[in-house]
Amino acid sequence: MSRRKSTIFRPDLDDIPALGMDAASIAGDVKRYFSHTLGRHRDSSGRYAYASLVMALRDRLVERWRNTRMAYDEANSKKAFYLSLEFLMGRALGNSLLNLGLEEQATDALQNLGTALEEVSESERDAGLGNGGLGRLAACFLDSCATLQIPVMGYGLRYEYGMFRQEIDNGFQVEAPDHWLRDGNPWEIERPEYSQRVKFGGRSEFYRDQEGDLKARWVDTLDVLAVPYDVPVPGYRNGTVNTLRLWKAAATDEFDLDEFNRGDYADAVAMKNAAEHITMVLYPNDASENGKELRLKQQYFLASASLQDAIRQWLRRHEGCDGFADKNCFQLNDTHPTCAVAELMRLLLDEHGLEWDEAWEITSRSMAYTNHTLLPEALEKWPVRMFRTLLPRLLDIILEINARFLEQVSLRWPGDTDRLRRMSIIEEGDEAQVRMAYLAVVASSSVNGVAELHSQLLTQHLFRDFHDLWPEKFNNKTNGVTPRRWLQWSNPGLAALIDEAIGEGWKKDLAELRKLEPLADDAAFRARWREVKQDNKLRLAALVEADAHVCFDTDALFDVQVKRIHEYKRQLLNILHVIHLYDRIKRGDVRNWVPRCVLIGGKAAPGYAMAKQIIKLANNVAHVVNGDPDVDGRLKMAFLPDYRVTAMEVICAGAELSEQISTAGKEASGTGNMKFMMNGAITIGTLDGANIEIREEAGADNFFLFGLSAEEVEKRRAGYDPRAVIAGDPELARVMDLLAAGHFNRFEPGLFDDVIRALTDHGDYWMVLADFRGYVEAQQRAAEAYRDPERWTRMSILNTAASGKFSSDRTIAEYNREIWKLPVVPPKPSK
Ligand code: JN2
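What counts, and where the lines are drawn
- Residues numbered from 1 in each chain as written.
- Predicted model: local features only at pLDDT ≥ 70, side-chain atom pairs only at ≥ 80, totals over all residues.
- Heavy atoms only, no water.
- Buried < 20%, exposed > 50% of the residue type's maximum accessible area, 1.4 Å probe, protein only.
- Helix = DSSP H or I, 4+ residues; strand = E, 2+ residues; numbered from the N terminus.
- Arc of directions from axis to C-beta.
- Contact = heavy atoms within 4.5 Å.
- 1 Å grid on protein atoms, 1.4 Å probe; cavity = no way out; pocket = protein on both sides within 12 Å on 5 of 7 lines; lining within 4 Å.
- Points joined across faces, edges and corners; volume = space filled by probe spheres on them.
- Nonpolar A, V, L, I, M, F, W, Y, C, P; charged D, E, K, R; others polar.
- Near = heavy atom within 4 Å.
- Polar contact = N/O pair within 3.5 Å; in protein donor to acceptor, adjacent residues only side chain to side chain.
- Areas by Shrake-Rupley, 256 points an atom, 1.4 Å probe, with all protein chains shown as cover.
- Expected span 1.5 Å × (residues − 1).
- Disulfide = S-S within 2.5 Å.
- Core = buried A, V, L, I, M, F, W, Y, C linked by side-chain atoms within 4.5 Å.
- Salt bridge = Lys/Arg side-chain N within 4 Å of Asp/Glu carboxyl O.
- Axes fitted to C-alpha atoms, helices over the stretch in contact; angles between N-to-C directions.
- Parallel < 35°, antiparallel > 145°, perpendicular 65-115°, else oblique.
- Pairing = 2+ DSSP bridges.
- Phe/Tyr/Trp six-rings, centres within 6.5 Å; stacked < 30°, edge-to-face > 60°.
- Lys NZ or Arg CZ within 6 Å of the ring centre and 35° of its normal.

A.B. asks: Tell me about helix H29 (residues 730–740), residues and numbers included.
C.D. replies: Every buried residue of H29 is listed here: Leu732, Val735, Met736, Leu738 and Leu739. On an axial view of H29, the arc spanned by its buried residues comes to 155°, and they lie on one face. Pointing more than 90 degrees away from the buried face of H29 are the exposed residues Pro730, Asp737 and Ala740. Where the residues of H29 are buried, they touch helix H22 (571–586), helix H23 (609–627), helix H28 (722–727), helix H30 (753–760) and helix H31 (772–787).

A.B. asks: An account of empty space enclosed by the protein is needed here, citing residue identities and associated values.
C.D. replies: Applying the stated criterion across every chain yields a total of 2 cavities of 30 Å³ or more. Of the volumes computed, that of the largest cavity is approximately 130 Å³. In this structure, the largest cavity is lined by 13 residues; those nearest its centre are Asn76, Ser77, Lys79, Trp314 and His318. At the level of elements, helix H2 (47–75), strand S1 (79–83) and helix H9 (293–315) are the ones that each hand at least two residues to the lining of the largest cavity. A per-element tally of the lining of the largest cavity places H9 first, with 3 residues. Here the lining of the largest cavity is built from residues that sort into 4 nonpolar, 5 polar and 4 charged. Here the second largest cavity defines a volume of roughly 60 Å³. Along its surface, the second largest cavity is lined by Lys563, Lys569, Gln660, Ile661, Ser662, Glu667, Ser669, Asn673, Asp688 and Asn691. Within the lining of the second largest cavity, the residues separate by chemical class into 1 nonpolar, 5 polar and 4 charged.

A.B. asks: Kindly report on the site of the ligand, identifying the contributing residues and their values.
C.D. replies: Surveying the vicinity of the ligand reveals 23 residues, the closest of which are Asn285, His372, Asn479, Glu667 and Gly670. Between the ligand and histidine 372, the relevant distance is 2.6 Å, taken from an oxygen atom to a side-chain nitrogen or oxygen of the residue. One nitrogen or oxygen atom from the main chain of serine 669 is found 3.0 Å from an oxygen atom belonging to the ligand. Summarising the interface, the protein chains cover 97% of the accessible area of the ligand, which totals 580 Å² for the free molecule. In terms of residue count, the dominant contributor to the shell around the ligand is helix H6 (residues 133–147) (3 residues). In terms of residue class, the shell around the ligand is made up of 7 nonpolar, 11 polar and 5 charged.

A.B. asks: Could you give me a rundown of the layout of surface pockets, with the residues and numbers involved?
C.D. replies: Considered as a void within the structure, the second largest pocket measures approximately 1500 Å³ in volume. As for the second largest pocket, its lining consists of 39 residues, and the residues nearest its centre are Trp65, Arg66, Asn67, Arg69 and Met70. Among the elements that make up the lining of the second largest pocket, the one with the highest residue count is H2 (11 residues). Taken together, the residues of the lining of the second largest pocket break down into 16 nonpolar, 6 polar and 17 charged.

A.B. asks: Run through helix H1 (residues 23–37), naming residues and quoting values.
C.D. replies: For the α-helix, the turn length of 3.6 residues means that residues three or four positions removed from each other point alike. When the terminal C-alpha atoms of H1 are compared, their 20 Å separation across 15 residues agrees well with the 21 Å that a helix rising 1.5 Å per residue should span. Among the residues of H1, those classed as buried are Ala23, Ile26, Ala27, Asp29, Val30, Tyr33 and Phe34. End-on, the buried residues of H1 take up no more than an arc of 165°, which puts them together on one face. Exposed residues lying more than 90 degrees from the buried face of H1 are Ala24, Lys31 and His36. Buried residues along H1 sit against H2 and helix H4 (103–112). Positive backbone phi, approximately 65°, marks glycine 39, located one or two places after H1.

A.B. asks: Describe in detail the state of the cysteines, supporting the description with residues and values.
C.D. replies: For the structure shown, the criterion picks out 0 disulfides. No disulfide involves cysteine 329; its sulfur sits 11 Å from the nearest other cysteine sulfur, which is in cysteine 145. Looking at cysteine 597, it has no disulfide partner, and the nearest cysteine sulfur is the one in cysteine 551, 8.2 Å off. The exposure class assigned to cysteine 597 is buried, which follows from its relative accessible area of 2%.

A.B. asks: Break down the environment of methionine 423 for me, with residues and values.
C.D. replies: Locating methionine 423 in the fold gives a position in helix H15 (residues 417–423). A sequence separation of 12 residues divides methionine 423 from arginine 435, and the C-alpha atoms of the two residues are 9.5 Å apart. If sequence neighbours within four positions are ignored, methionine 423 has contacts with Phe405, Val409, Arg435, Tyr438, Asp465, Phe466 and Leu469.

A.B. asks: Provide a residue-level description of the nonpolar core, including the pertinent values.
C.D. replies: One broad rule of soluble globular proteins: the nonpolar side chains tend to lie buried together. Grouped together as the largest cluster of nonpolar side chains are 112 residues, with contacts concentrated most on Phe301, Phe387, Leu391, Phe463, Phe466 and Trp820. If one sorts the elements of this core by residue count, H9 sits on top with 10 residues. Those residues within four positions of phenylalanine 463 in sequence are excluded, and the remaining contacts are Tyr369, Asn371, Ala437, Tyr438, Val441, Val447, Leu458 and Phe474. Of all hydrophobic cores here, the second largest spans 75 residues; its members include Ala605, Leu635, Phe772 and Ala782.

A.B. asks: Describe the pattern of salt bridges, listing the residues and the values that go with them.
C.D. replies: Under the criterion given, the structure shown has 72 salt bridges. The salt bridge partner of glutamate 361 is arginine 365, with a shortest N-O separation of 3.7 Å. Of the two residues, glutamate 361 and arginine 365 are both situated in helix H12 (residues 356–366); the distance of 4 residues between them amounts to about one turn of the helix. For glutamate 361, a relative accessible area of 42% translates into the label partly exposed.

A.B. asks: Explain the packing of H31 against helix H32 (residues 789–801) to me, and be specific about the residues and the numbers.
C.D. replies: It is the contact of H31 with H32, at a shortest axis distance of 5 Å, that shows an interaxial angle of 110°. Here H32 runs roughly perpendicular to H31, going by the angle between their axes. Two secondary-structure elements touch here, H31 through Ala782, Glu784, Ala785, Tyr786 and Arg787 and H32 through Pro789, Arg791, Trp792 and Met795. For the contact of H31 with H32, the class distribution of residues is 6 nonpolar, no polar and 3 charged.

A.B. asks: Lay out the pairing of strand S14 (residues 367–370) with the relevant residues and their values.
C.D. replies: By the alternation rule, side chains of S14 split into Met367 and Tyr369 and Ala368 and Thr370, which are all buried. Judged from the 3 bridges that link them, S14 and strand S18 (residues 446–449) form a sheet pairing that is parallel. Directly across from tyrosine 369, in S18, lies its bridge partner valine 447.

A.B. asks: Provide a residue-level description of the pairing of strand S5 (residues 165–169), including the pertinent values.
C.D. replies: Two strands pair when backbone bridges link them, and S5 and strand S6 (residues 172–176) are joined in this way by 5 bridges, in the antiparallel orientation. Bridge pairing links aspartate 169 to phenylalanine 172 in S6. Hairpin connection, S5 to S6: the antiparallel pair is bridged by 2 residues, and asparagine 170 has positive phi, about 50°.

A.B. asks: Give a detailed account of the packing of aromatic side chains, specifying residues and quantitative values.
C.D. replies: Under the defined criterion, the tally for this structure stands at 26 aromatic pairs. For the pair phenylalanine 81 and tyrosine 155, a centre-to-centre distance of 5.6 Å together with 25° between the ring planes defines the contact as stacked. Here phenylalanine 81 is found in strand S1, whereas its partner tyrosine 155 is found in strand S4 (residues 152–157), with 74 residues between them in sequence. A residue is classified by how much of its surface remains accessible, and phenylalanine 81, at 1% relative accessible area, is buried. Among the residues examined, tyrosine 155 registers a relative accessible area of 0% and is labelled buried. For the ring pair tyrosine 438 and phenylalanine 463, a centre distance of 6.5 Å and an interplane angle of 65° mean the geometry is edge-to-face. Placement of the pair is tyrosine 438 in helix H16 (residues 436–443) and phenylalanine 463 in the loop between helix H17 (452–460) and helix H18 (464–469), with a sequence separation of 25 residues. We classify phenylalanine 463 as buried; its relative accessible area is 0%. By way of ring pairs, the aromatic residues Tyr369, Phe405, Tyr438, Phe463, Phe466, Trp470 and Phe474 are connected into one cluster. Above the plane of the ring of tryptophan 470 lies lysine 473, whose end atom (NZ or CZ) is 3.6 Å from the centre.

This is how it looks when you write it as structure tokens:
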């Protein structure tokens, strides 16, 4: 085959005229994509109308993307990389229109073409590439980085299957696969030219280089190709478009050839499959580790591809690695991408010829680690044996890091062998394990928790020894959420009312919401605030009707708990309260009754039996309560199936009471709590995670507090007797009796025995019963406040007004000021 001399195709793109941002230009482009690119002339599904509109928008994003990249290149500034196994992006269409300022134009364009934007938007699948809090936080952070115009790139995995779809069958959770890419994804751009090779297996080989120095290389590996897919991340009306780069695993060519030459076509295809399996599916275990080999492969695959890519970007403009740490920073989203530590060392030592001390200097200066949980079952540990077979060269490096680290510890605390054992990155035992959190702490210049209490507990417990050694590493970055998606987009009615009252400055500086405070005393404003909430409650009621088949009365108090199902989050406490209210109704204790609609939603990890039983219990209690004529509209309960980002956009706007009732000390921060607060819901909650800061901002009068504090929880454990609590509280005893008598499982005997026994026989680890009385009383205070609409509305306004701290813009500004230290780099405006 003759090859022509290759030339670089690099046409002058500067003379392409900027695309029109008016309705007519957009309509023209939509039409052309529909007819010429997609080859359609009619569409009853809305899918092709959707795809055409996205392509028209994508063109406009691409212009700004290029301007942003050129501005970053020109500034040659420091960059940060956000490494995360999860990015829970949800839908992109509404958010892109909002951030580009094209909502009206797109609405008009589609109207002129004979369809409605709202209808077309429904064709988009959620990008559900995350489990819950940690993944959605990463998505909010990307929005804030682009809005603040700082050079941050997200690195993640392009899972073929995202978070499972949850169906409810006879009250039980059933998981269905989420093949979200089936109809194609018009938001991504494949960039095979930036593919990277990732090694697995094989062995380390040591040799002497030309200078006679001992070097290592990783040989006899099976390589997998990492192919990047870029997703644009637009800032809020500022011309910046940052990048989320997602890696897909693919077989290498020689992989196929080797097998093929042995005449084993079927094996060749099977091997190809094994390679591509790495990014097939997101693990659905929110906050619990299960030590599966494929998960470690995913983690290393992300770390290696991303670091090689970052180094490739660096070497385009620099000779060698000097100065790399001054210009590059890697933020590790929990320990999941922590292989990056050893991988950067490997690349610097083995591929770029650095000495250990130089490589360690660069690595430890450029890594930063965020912890998202204190739950012991979520702390990642990988068997040394698994590392040895899968990533032998990384294991060498981890052991060397550990040896040098323990040397440092024994210099500081001579003879303290117990401390050495406690702090070692390798946990000894029947099966030696790598403690990923310790590796992350040792190798990072910054370690942060995600709310004040959580960061404090980290230094007092999990990382106490490390805090003794390096107090300066530890810091707090209280979480936040993007007000663009979680207020402006999800609640256009409230956003318009706020605009009218205090102007539009809050969209970029959420602290300005404080200007709403005086309006809490303005009766006319309160009436309008209520009208908006009423509209949003109607939208939420329609969702509940459609998906849970329960009819919510919009005059009732909307009491909402949506989040992953976990014992520490205590959905069970909420359900016990519902049973208590039901019991009160049945015994006629209904004086001054406040009608209430209780909504619970969330997914259980497929292997978490107790969480699945809690879902079944919620459904059964709802069935009994909703079907009992004695209840007579005083109480409704629904379990909403398939809770996800797009559902939360409707839920947070319509909620009035926000349930944040975790056992104190267990919820690192929470972020749903912030979305509800922004939208004027009032929190009923424990002193846990960011609830503490929410209460501080809103004021104690505008928060329904109950329960043991984190300290009290630990003190109370000694001698705690849940049966004595039941015996001492007749109303609780009645609730437990109803449960035990099978009132909610009449034709399903024994179904809830495990749930009941966890509370009574097994010591009620999560202190559900200990907090029951306090919770019931707080609920009573909430009901009383709700009976006075003026008072409730006042509290609601004051909550929104106080929510400014919980913008992820504030959080990201803190990460940047204290950790990343990146300059603001605005692009040149698009012509
Ligand atoms: C998390 C923390 C979290 C995890 C998730 C295995 C484990 C995992 C591990 C995910 C998987 C997938 C550790 O619970 C906290 C919230 O309080 C907090 O608001 C958010 C954001 O900081 O992080 C949650 N933690 F396969 O999601």
